[in-house]
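What follows is the residue order along each chain.
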Amino acid sequence: MDYQVSSDALKNKVILVTGAGDGIGKQAALHYAQHGATVILLGRTVAKLEAVYDEIEAAGYPTPAIVPLDLKGATKQHYIDMAETIQSQFGKLDGLLHNAGLLGMLSPFEQFEETIFDEVMQINVKAQFLMTQALLPVLQQSDDARIIFTTSTVGHQGRAFWGAYAISKFATEGMMQTLAHEMEGSKVKVNAINPGGTHTRMRAQAFPAEDISLLKTPKDIMPLYVYLMAPEGINVHSQCIDAQPK
């Protein structure tokens, strides 16, 4: 499919990107800014967020904002406070990209550690649920809002040893479908992207021996990420789209 959008497709839009410090989140933030959006960079490591901030500023794109937040320890109140801040500063939120995620460990089912299971489910499922819940009223202030979840091939079809990560991505797809059904007919469009095998830190953690020259880079898959946030993607709703279809 052709994911072409106009160069200023995201002008005057405010978009929050989680896990914006590196990898796919960083590229999404840069591309959204390049297309005119004011990007809110959310992540755990302030130095990484500041580096992305500086890159956006140096390119002459709209000045971004930074929200340092560790999803592992964040509570419902953190998200409510964040929503109130976004509301007071920007008056609306036009886009939310749930990109942050935790791989956990690759392990046989019977040996999977409970503490790691809890961490993966906290970051990949519960944090996204609470954040979306808090931000929905602000998203509904937009004339055309988008929510994008991040899934995985192992969220379509379970795979041995992928434990909590695979389970969390099945939950993510279920969350997307549930919310999309509720948002049917509203100004909020809800979808999920499966990036596929991409050259990221998480991928290297899962496949340390892989030949990275065979992988797409985060930049390669950005047209889909921009399209789903742009006016051109307005008719796409409740879809789980593979960024690298087989």
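Residues numbered from 1 in each chain as written. Predicted model: local features only at pLDDT ≥ 70, side-chain atom pairs only at ≥ 80, totals over all residues. Heavy atoms only, no water.

Draft legend 1. Molecular detail of the nonpolar core. Core analysis: the largest hydrophobic core is formed by 37 residues, its most contacted members being Tyr79 and Leu135. Of all elements in the fold, only strand E1 (14–18), strand E2 (38–43), strand E3 (65–68), helix H3 (76–90), helix H4 (114–139), strand E5 (145–150), helix H5 (163–182) and strand E6 (188–194) reach the threshold of two or more residues within this core. By residue number, the principal contributor to this core is H4, which donates ten residues. If you look at the next biggest cluster of nonpolar residues, it comprises 34 residues, including Val5, Ile15, Leu30 and Leu97. (Core = buried A, V, L, I, M, F, W, Y, C linked by side-chain atoms within 4.5 Å. Buried < 20%, exposed > 50% of the residue type's maximum accessible area, 1.4 Å probe, protein only. Helix = DSSP H or I, 4+ residues; strand = E, 2+ residues; numbered from the N terminus.)

Draft legend 2. Representation of H4 within the structure. The end-to-end C-alpha distance of H4 is 35 Å, a good match for the 38 Å that 26 residues give at a rise of 1.5 Å each. Along H4, the sharpest change in direction is near 45° and occurs at glutamine 122. (Expected span 1.5 Å × (residues − 1). Bend = angle between axes of the 7 residues up to and from the residue.)

Draft legend 3. Representation of the confidence of the model for the protein in the model. Mean pLDDT for the protein: 97, with 100% of residues reaching 70 or above. Per-element mean pLDDT across the protein ranges from 89 in helix H6 (residues 201–206) up to 99 in strand E4 (residues 95–97). (pLDDT = per-residue confidence, 0-100.)

Draft legend 4. Representation of the packing of H3 against H4 in the model. Two elements in contact, H3 and H4, have axes separated by 9 Å at closest approach and are oriented at 30°. By the criterion of interaxial angle, the relationship of H3 to H4 is roughly parallel. Two packed elements cross with a definite hand, and for H3 against H4 that hand is right-handed. Note on element contacts: H4 touches H3 through Ala127, Leu130, Met131, Gln133, Ala134, Leu135 and Val138, opposite Lys76, Tyr79, Ile80, Met82, Ala83, Ile86 and Gln87. (Axes fitted to C-alpha atoms, helices over the stretch in contact; angles between N-to-C directions. Parallel < 35°, antiparallel > 145°, perpendicular 65-115°, else oblique. Left-handed = near helix turned anticlockwise from the far one by under 90°. Contact = heavy atoms within 4.5 Å.)

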